[in-house]
Amino acid sequence: MTEESPVLYVVPTPIGNLDDITHRAVETLRGVKWIAAEDTRHSAPLLKRIGTAAHIFALHAHNEESAASRVLGCLEKGESVALVSDAGTPAVSDPGSRLVARARDAGFRIVPLPGPCAAVTAFSGAGFPDPRFLFYGFLPPKTKARGDALRNLLKIPYTIVFYEAPHRILETLDEMAAIFEKDRVLVLARELTKLFETIYTCPLCEAPAWLRADENRRRGEFVLLLGASKASVDSDESERVLRILLDDGLSVSQAARLTHAMTGAGKKLLYEHALAYRDTDDGNSA
Ligand code: SAM
């Protein structure tokens, strides 16, 4: 890793299994003069294992502005800096975004490395057929704000990915089960990449009881993935069928009638969607 001009590297680190660090991340951490770490004591064993001679200083949620000024000072002197958080990808529910924005605004090159991230790891192991998901991260800790936040997500037609702490996991699931449709799929991805890794899938309404049945199930770190509501999955399917029929040359009313027969979606809505699709299509091809 040799760079002509100074770079701010954003370097993901393992979320449990220390072998999950990329070769490039190791080379980067060995090659820079400075490492800004969320918690220097937490990162020390990993950095020792890697064997870096870099100078390490803290950049965390409570000093991000002043630490970012220090990073900019290093970059101005022509010295590259690597940013790491305690685990996973910096700036994903972790400090780092304010530093990245300031370095970018000051004209420095930012190089984000791909690597471990609990949300992506969980999604890849969840088996949702639809590739679309919304990453939410942590819900607000207070009950009222959390309920409001969850209700605001009722209309999201995709899988929603949450981070949650073990001491709030039950409360959060109870509240989710009260707010969302009971048969939405819920995947609990716990202790990913670690000894007690568990990926459990069930209808949302069964998740609180499953967690209550064994306190070991409530230990450790969690990603919660709430699958899309059945209504939005169905409406995606009816939309797909409708478009195939229209693309194949059927009239708006024929396509709406056949899609209704095949998927059970409402005829009036299908007719409106078919009209809108045909108009857009005409507009596009004009
Ligand atoms: N930046 C990190 C990332 O890229 O995933 C996330 C940091 S955030 C402060 C920590 C949260 O991520 C935990 O509370 C948990 O929700 C999730 N998490 C981190 N490691 C995990 C793991 N090994 N298994 C399950 N969830 C994990």
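Rules and cut-offs
- Residues numbered from 1 in each chain as written.
- Predicted model: local features only at pLDDT ≥ 70, side-chain atom pairs only at ≥ 80, totals over all residues.
- Heavy atoms only, no water.
- 1 Å grid on protein atoms, 1.4 Å probe; cavity = no way out; pocket = protein on both sides within 12 Å on 5 of 7 lines; lining within 4 Å.
- Points joined across faces, edges and corners; volume = space filled by probe spheres on them.
- Helix = DSSP H or I, 4+ residues; strand = E, 2+ residues; numbered from the N terminus.
- Nonpolar A, V, L, I, M, F, W, Y, C, P; charged D, E, K, R; others polar.
- Domains from an automatic or database assignment.
- Buried < 20%, exposed > 50% of the residue type's maximum accessible area, 1.4 Å probe, protein only.
- Contact = heavy atoms within 4.5 Å.
- Pairing = 2+ DSSP bridges.

(A) Representation of the layout of surface pockets. Of the pockets and cavities examined, the largest pocket occupies roughly 630 Å³. Lining the largest pocket are 33 residues, and of these I15, A87, G88, A118 and E221 sit closest to its centre. Counting only elements with at least two residues in the lining of the largest pocket, the list comes to helix 2 (40-50), strand 7 (159-164) and strand 10 (222-226). Class assignment for the residues of the lining of the largest pocket results in 17 nonpolar, nine polar and seven charged. Each of two domains, domain 1 (7-116) and domain 2 (119-230), supplies a minimum of three residues to the lining of the largest pocket. Estimated volume of the second largest pocket: approximately 300 Å³.

(B) Geometry of the environment of L134. The topology assignment puts L134 in strand 6 (residues 133-138). L134 gets classed as partly exposed once you look at its relative accessible area, which sits at 28%. L134 sits 56 residues away from R190 along the chain, and the two C-alpha atoms are 19 Å apart. The residues contacting L134, other than those within four sequence positions of it, are L153, I156, Y158, T159, I160 and V161.

(C) Main features of the pairing of strand 1 (residues 7-10). What you see with strand 1 is no split at all: V7 and Y9 on one side and L8 and V10 on the other are buried throughout. Looking at chain direction, strand 1 and strand 5 (residues 109-112) are connected through four bridges and run parallel. Counted as the bridge partner of L8 is I110 from strand 5. One ladder, built from three bridges, connects strand 1 with strand 4 (residues 81-84); its direction is parallel. Within the sheet, the bridge partner assigned to Y9 lies in strand 4 and is A82.

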